[in-house]
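Tertiary structure, described
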Amino acid sequence: MQLLGGLTARRFLSQIWQTKPLLVRDAIPGFKGVVQAPELFALAARSDIESRLVWRRGGAWRLRHGPFSRSELARLPKSGWTLLVQGLNLELPAADALLRRFRFLPYSRLDDIMLSYAVPGGGVGPHFDSYDVFLLQGPGLRKWGVGRTPDRAPDPSAQLRILRSFHPETEWVLAPGDMLYLPPGWAHEGVAIEPCFTYSVGFRAPTHSETAREFLSYMEDRIKIPGRYSDRGSAPHRNPAEIPGAMIRKTGEAFGRIRWTRKDVSRFLGEYLSTPKPQVVFSRPALGRSKARFATLCRTRGVRLDLRTQMLFRGRDFFINGERIDFPSRLQAALSRLANERRLEADPRLSRALLLLLYPWYLSGWLHLGEPRWPRRKAKRRLSAA
């Protein structure tokens, strides 16, 4: 795989992943990016898209959250600032296609593509991430410094998480199409040499505390512990406001009988990891087709998942946008294709049962009909005069 510098996905995952950095020159040859500055500024002006502006003033790092008007961005100086826009893959099909290049890793781990646009001298300061990241260089040049730093103390004067001290072990200049992979915990700093774009492919790495809290919430209505608290034979209490030790002991014993299965964990992860982010809003079709018309168009045009839709599966359990799906077992192969490829091609054999399952998703904006395929017109032959 040229994307991984000639390494196979298996070798990359066994030797590089979460172990050490990897620099790949020409990971995507001729990469020109998927968006230009005016389009990026338009995205940063929207309230439903997360954007940030980072700059340094008087030696101190400053941070401001969007949205930003075009006039605000136009007034910025010619050097020393960076604009960050999250979730580019949720807005642009080309950005989603870029994210899917990394499908040798499970979709449950892929997070999003963040785009950084920086003018000369712009950056976000030395820092480290708690997750893996691929830094793909778009148009322009950026210099990166990378190293393991024993001093992870943050700069107390910064409005964002910046290292107080950073001394890079290695430095590289990345040109368009170059890519740098960094495992969690590796300190790094990127500084724009000229106006440039950097695409950050980030990964989900929730803390155990976060997933435990969500799992307990998921299990709330599923926990069944027989019995009720009782204190027969207890002695009189001299301090009535004090919680009895026997109550603590018996309650702890009851909690110790809480049990869950592997299927509970699997279904929790399916619902949790497929839940869209809070700011995500789906657009319903402007012209909702009838079930019969939808079925006809699916068979002739196919369907594709919306960019914002998350669809995962484990075995026979399928999940879409935080919901577990009930379906006849004969649809499993088609749903697997839809989840993996994020589309179903036009096929007159698409079953009625499958299309009835997809129809409410279509009405909710979770998936869309494929583009119509217009028949090619035959070119007319020119007749020359004899």
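Now for a description of the structure that goes with this document. Just so it is clear, the structure is predicted and the values come from calculations on it, not from any experiment.

Rules used throughout
- Residues numbered from 1 in each chain as written.
- Predicted model: local features only at pLDDT ≥ 70, side-chain atom pairs only at ≥ 80, totals over all residues.
- Heavy atoms only, no water.
- Helix = DSSP H or I, 4+ residues; strand = E, 2+ residues; numbered from the N terminus.
- Rg over C-alpha atoms; globule rule 2.2 N^0.38 Å.
- Buried < 20%, exposed > 50% of the residue type's maximum accessible area, 1.4 Å probe, protein only.
- Areas by Shrake-Rupley, 256 points an atom, 1.4 Å probe, with all protein chains shown as cover.
- Lys, Arg positive; Asp, Glu negative; His and termini not counted.
- Charge placed at Lys NZ, Arg CZ, Asp CG, Glu CD.
- Salt bridge = Lys/Arg side-chain N within 4 Å of Asp/Glu carboxyl O.
- 1 Å grid on protein atoms, 1.4 Å probe; cavity = no way out; pocket = protein on both sides within 12 Å on 5 of 7 lines; lining within 4 Å.
- Points joined across faces, edges and corners; volume = space filled by probe spheres on them.
- Nonpolar A, V, L, I, M, F, W, Y, C, P; charged D, E, K, R; others polar.
- Patch = residues over 30% accessible without salt bridge, like charges linked within 9 Å, V, L, I, M, F, W, Y side chains within 5 Å.
- Axes fitted to C-alpha atoms, helices over the stretch in contact; angles between N-to-C directions.
- Left-handed = near helix turned anticlockwise from the far one by under 90°.
- Contact = heavy atoms within 4.5 Å.
- Polar contact = N/O pair within 3.5 Å; in protein donor to acceptor, adjacent residues only side chain to side chain.
- Arc of directions from axis to C-beta.
- Pairing = 2+ DSSP bridges.

1. What to know about the overall build of the chain
If you tally the helices and strands in the chain, you get 10 helices and 17 strands. The C-alpha radius of gyration computed for the chain amounts to 27 Å, which surpasses the reference 21 Å derived for 386 residues by more than 25%, pointing to a less compact arrangement than a globule. Its C-alpha atoms put the chain at 120 × 65 × 45 Å along the principal axes. Residues counted as buried form 43% of the 386 residues belonging to the chain. For the chain, the computed accessible surface area is about 22700 Å², with 52% contributed by carbon and sulfur atoms. With 63 positive and 35 negative side-chain charges, the chain shows a spacing of 7 Å between the two charge centroids.

2. A closer look at the pattern of salt bridges
Applying the stated criterion to the full structure yields 16 salt bridges. Across the pair Glu253 and Arg249 runs a salt bridge, and its minimum N-O distance is 3.4 Å. In this pair, Glu253 and Arg249 both sit in helix α6 (residues 245-255), four residues apart, roughly one turn of the helix. Take Glu253: its relative accessible area is 43%, and that puts it in the partly exposed class. With a relative accessible area of 47%, Arg249 lands in the partly exposed category.

3. Some remarks on empty space enclosed by the protein
One pass over the structure, following the stated rule, counts one cavity of 30 Å³ or more. Taken as a whole, the largest cavity holds about 90 Å³ of empty space. As for the largest cavity, its lining consists of Asn89, Leu99, Arg100, Tyr107, Leu110, Asp111, Gln310, Met311 and Arg342. Sorting the residues of the lining of the largest cavity by element identifies α4 (93-100) and β5 (110-118) as the ones contributing at least two each. Grouping the constituent residues of the lining of the largest cavity by class yields four nonpolar, two polar and three charged.

4. Digging into a nonpolar patch on the surface
A cluster of nonpolar side chains, Tyr229, Ile243, Met247 and Ile248, forms an exposed patch at the surface whose accessible area comes to about 390 Å². Of note, Met247 is situated in helix α6. Of the residues examined, Met247 reaches a relative accessible area of 32% and is grouped as partly exposed.

5. A closer look at the layout of surface pockets
Within this model, the second largest pocket holds a volume of roughly 770 Å³. For the lining of the second largest pocket, the secondary-structure elements that each account for two or more residues are α5 (208-218), α7 (262-274), β13 (311-314), β14 (317-320) and α9 (332-341). For the lining of the second largest pocket, the element with the highest residue contribution is α7, accounting for seven residues.

6. Considerations on the packing of α9 against helix α10 (residues 352-363)
Here α9 crosses α10 at 35°, and the two axes come no closer than 11 Å. Considering only the axes of α9 and α10, their crossing is right-handed. Residue-level contacts link Ala334, Leu335 and Leu338 of α9 to Leu354, Leu357, Leu358 and Trp361 of α10. For the contact of α9 with α10, the residue count by class is seven nonpolar, no polar and no charged.

7. Details of the environment of Glu323
Relative to the assigned elements, Glu323 resides in strand β15 (residues 323-325). Expressed as a C-alpha distance, the spacing of Glu323 and Tyr272, which sit 51 residues apart in the sequence, is 8.9 Å. Not counting residues up to four positions away in its chain, the partners in contact with Glu323 are Ser274, Phe318 and Trp366.

8. Digging into the side chain of Thr198
Here Thr198 lies in strand β11 (residues 196-203). Of the polar contacts made by the side chain of Thr198, one reaches the side chain of Gln137; its length is 3.0 Å. A polar contact is formed between the side chain of Thr198 and the side chain of Arg142, at a distance of 2.8 Å.

9. Brief notes about α5
Every buried residue of α5 is accounted for by Thr211, Phe215 and Tyr218. All buried residues of α5 fall inside an arc of 55° around its axis, so they share one side. Those residues of α5 that are exposed and aimed more than 90 degrees away from the buried face are Arg213 and Leu216. The inward-facing, buried residues of α5 abut α7.

10. Re the sheet that holds β13
Taken together, three strands build an open sheet; the order of strands is β13-β14-β15 and the sheet is antiparallel. Single-partner strands in this sheet number two, and they are β13 and β15. When the angles between neighbouring strand axes are averaged without regard to direction, this sheet yields 30°. Alignment of β13 against β14, held across four bridges, turns out to be antiparallel. Within β14, the position partnered with Leu312 by the bridge is Phe319. Contacting β13, β14 and β15, α7 crosses the sheet at an angle of about 25° to β14.

Remember that the coordinates give geometry; whether it matters functionally is a separate question.
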